[in-house]
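Listed here are the chains, written in short residue letters.
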Amino acid sequence: MSSRTLFSEADHRYMARALQLAKRGLYTTDPNPRVGCVIVQQLPGQSGRIVGEGFHLRTGEPHAEIHALNAAGEHAKGATAYVTLEPCSHTGRTGPCAVALANAQVARVVVAMVDPNPQVSGRGIELLKAAGIEVDVGLLEADARALNPGFIARMQHKRPFVRLKMAMSLDGRTAMGSGESQWITGQEARCHVQRLRARSSAILSGVESIIMDDSRLTLRAEQLQLENAESVVLRQPLRVILDTRLRLPLAAACLSEPGRTLVMTTPAHSPEKRAKLTAAGAEVHVFEAGSDGRLPLNELLDWLAKHEQVNELLVETGATLAGALLDAKLVDELQLFVAPTLLGGEAKPLFALPGLSRMADQRRLKIHDIRAVGSDWRIIATPQPD
């Protein structure tokens, strides 16, 4: 395996194209990673020409490299392949892409990032090198990693990438004192939230939020505003509801929607209610409560990664659960939508964070992006380490 410190302008251009292709699978590849591939035939005295392109669309279908090789045909021999993720070396639902590239006799493979799975990391690259293929790694790696934060988190840390979405007024409130909250933000912001749902493996909420809003936690084609919206909504994200006291109404709208609803609870409540929820369409899972009587958030995230292959977890909830996740340092990214409105001092706060009595206790965030979304503003931030 080699890693070049200097790549050519053409290398950058073709890898940028591969990343652009990978983004076409943003809403459909789950739980697989988003991957793009470009195959370039080298011409004497020129930077080359693209002879094949491909991207991974969904699990069970050919990977990006296979689509690109099929398009390139015999032109793949002696060509350079640009791939956003190390070609796989194992046989799953599809054959190993590293073998396919070797069989096609490409001369060089440029890889943006090594496979984050520690059990297979580097094996695809070594297979290519053993076949006499030049391999260069690390071109536009940060861009490639940004495409698959959840897949990387699940492979390396055995937990999902947790994205917390909150909508608030300009004075930092999320709902009226009565709990009424629809709608604080405008249509454009709600469209953006639909796309956050679409790229997520699962949506997590607390039962209180479901009771107050009767949230469906679903994708809706008309709100996605995507050309392939009808195809995207065929995969509804897993709905995960934390409900320690089994208060979820049997008539809750989320139980009758397409897709699966998981209710996470503790063993202290009646098997009869669990049976009724199961009959109503829920999948009830029992976890031992922590010393505070709450569900163990760390254990729950680990379980979602292991048993449901959850890459990106979108949290849409109220102040209590949002605060608990932040307090436990389980939030990787916040997306805050700020509406130009005021709800007043009696309205509900954004976060319920315990133990903040001094300025020294404040939880600081690093802001990565602020931009207008219709009449609202979106802030993307990450928690700062202590």
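Residues numbered from 1 in each chain as written. Predicted model: local features only at pLDDT ≥ 70, side-chain atom pairs only at ≥ 80, totals over all residues. Heavy atoms only, no water.

Going by the annotation in an unreviewed UniProt entry, the name recorded for the chain is Riboflavin biosynthesis protein RibD, with Vreelandella nanhaiensis given as the source organism. Looking at the Function (unreviewed entry) heading of the UniProt record, one finds this comment for the chain: "Converts 2,5-diamino-6-(ribosylamino)-4(3h)-pyrimidinone 5'-phosphate into 5-amino-6-(ribosylamino)-2,4(1h,3h)-pyrimidinedione 5'-phosphate." (UniProt positions renumbered as here; feature names shortened; annotations may be inferred.)

A few words now on the pairing of strand 16 (residues 376-383). Within strand 16, six of the eight residues are buried, which leaves it mostly tucked inside the rest of the structure. As paired elements, strand 13 (residues 333-339) and strand 16 share five bridges and run antiparallel to each other. Within the sheet, the bridge partner assigned to L334 lies in strand 16 and is A381. As defined by bridge partners, strand 15 (residues 365-373) adjoins strand 16 across eight bridges and the pair is classed as antiparallel. If you follow I367 over to strand 16, its bridge partner there is A381. Linking two consecutive strands that pair antiparallel, namely strand 15 and strand 16, is a turn of two residues; a positive phi of about 65° is found at G374 within it. (Buried < 20%, exposed > 50% of the residue type's maximum accessible area, 1.4 Å probe, protein only. Helix = DSSP H or I, 4+ residues; strand = E, 2+ residues; numbered from the N terminus. Pairing = 2+ DSSP bridges.)

Turning to helix 6 (residues 149-157), a few remarks are in order. Of all nine residues that make up helix 6, seven are buried, and the element is covered over most of its length. For helix 6, the set of buried residues is P149, G150, F151, I152, A153, R154 and M155. Contact partners of the buried residues in helix 6: helix 5 (141-147), strand 6 (161-169), helix 7 (187-199), helix 12 (297-308) and strand 12 (312-316). Following helix 6 by one or two positions, K158 has its phi on the positive side, about 60°. (Contact = heavy atoms within 4.5 Å.)

A separate point is the UniProt feature "binding site: Zn(2+)" (unreviewed entry) in the chain. The UniProt feature table records "binding site: Zn(2+)" (unreviewed entry) at H63, C88 and C97. A maximum C-alpha distance of 9.2 Å among these annotated residues, which run over 35 residues, shows that they cluster at one spot. Positionally, H63 belongs in the loop between strand 2 (49-55) and helix 2 (64-72). If you trace the backbone, C97 turns up in helix 3 (residues 97-103).

If you look at the biggest cluster of nonpolar residues, it comprises 44 residues, and the most contacted ones within it are M15, I39, Y82, L101, V106, V109 and L128. The biggest single contributor to this core is helix 1 (residues 9-22), with seven residues. Those residues in contact with L101, other than ones at most four positions away along the chain, are E65, L69, A81, P87, V106, V109, L128 and I133. L164, V240, M264 and L336 belong to the second-largest nonpolar core, a separate cluster that totals 34 residues. (Core = buried A, V, L, I, M, F, W, Y, C linked by side-chain atoms within 4.5 Å.)

Before going further, it helps to examine the pairing of strand 12. In terms of burial, strand 12 is largely enclosed, as five of its five residues are buried. Pairing analysis gives five bridges linking strand 6 to strand 12, with the strands arranged parallel. Pairing of K165 across the sheet is with E316, part of strand 12. Across three bridges, strand 8 (residues 202-206) lies against strand 12 in parallel orientation. In the sheet register, L204 faces strand 12, and the bridge partner there is V315.

For the chain, the assigned domains read domain 1 (9-148) and domain 2 (158-383). Residue-level contacts link 10 residues of domain 1 with 11 residues of domain 2. When domain 1 packs against domain 2, close to 970 Å² is buried across both sides, 43% of that on carbon and sulfur atoms. For the domain 1 face of the interface with domain 2, the top three residues by lost area are Y27, D30 and P31, together amounting to 62%. Here domain 1 and domain 2 share two salt bridges between them. A salt bridge links D30 to R235, with the nearest nitrogen and oxygen atoms 3.8 Å apart. By residue class, the composition of the side of domain 1 that touches domain 2 is five nonpolar, two polar and three charged. (Domains from an automatic or database assignment. Buried area = accessible area lost by both parts, 1.4 Å probe. Salt bridge = Lys/Arg side-chain N within 4 Å of Asp/Glu carboxyl O. Nonpolar A, V, L, I, M, F, W, Y, C, P; charged D, E, K, R; others polar.)

If you walk through the whole model with that rule in mind, you get two aromatic pairs. Ring centres 5.4 Å apart and planes at 45° place the aromatic pair Y14 and Y82 in the tilted group. Here Y14, found in helix 1, pairs with Y82, found in strand 3 (residues 80-83); they are 68 residues apart in sequence, far enough to count as distant. Here Y14 and Y82 have matching classes, each one buried. (Phe/Tyr/Trp six-rings, centres within 6.5 Å; stacked < 30°, edge-to-face > 60°.)

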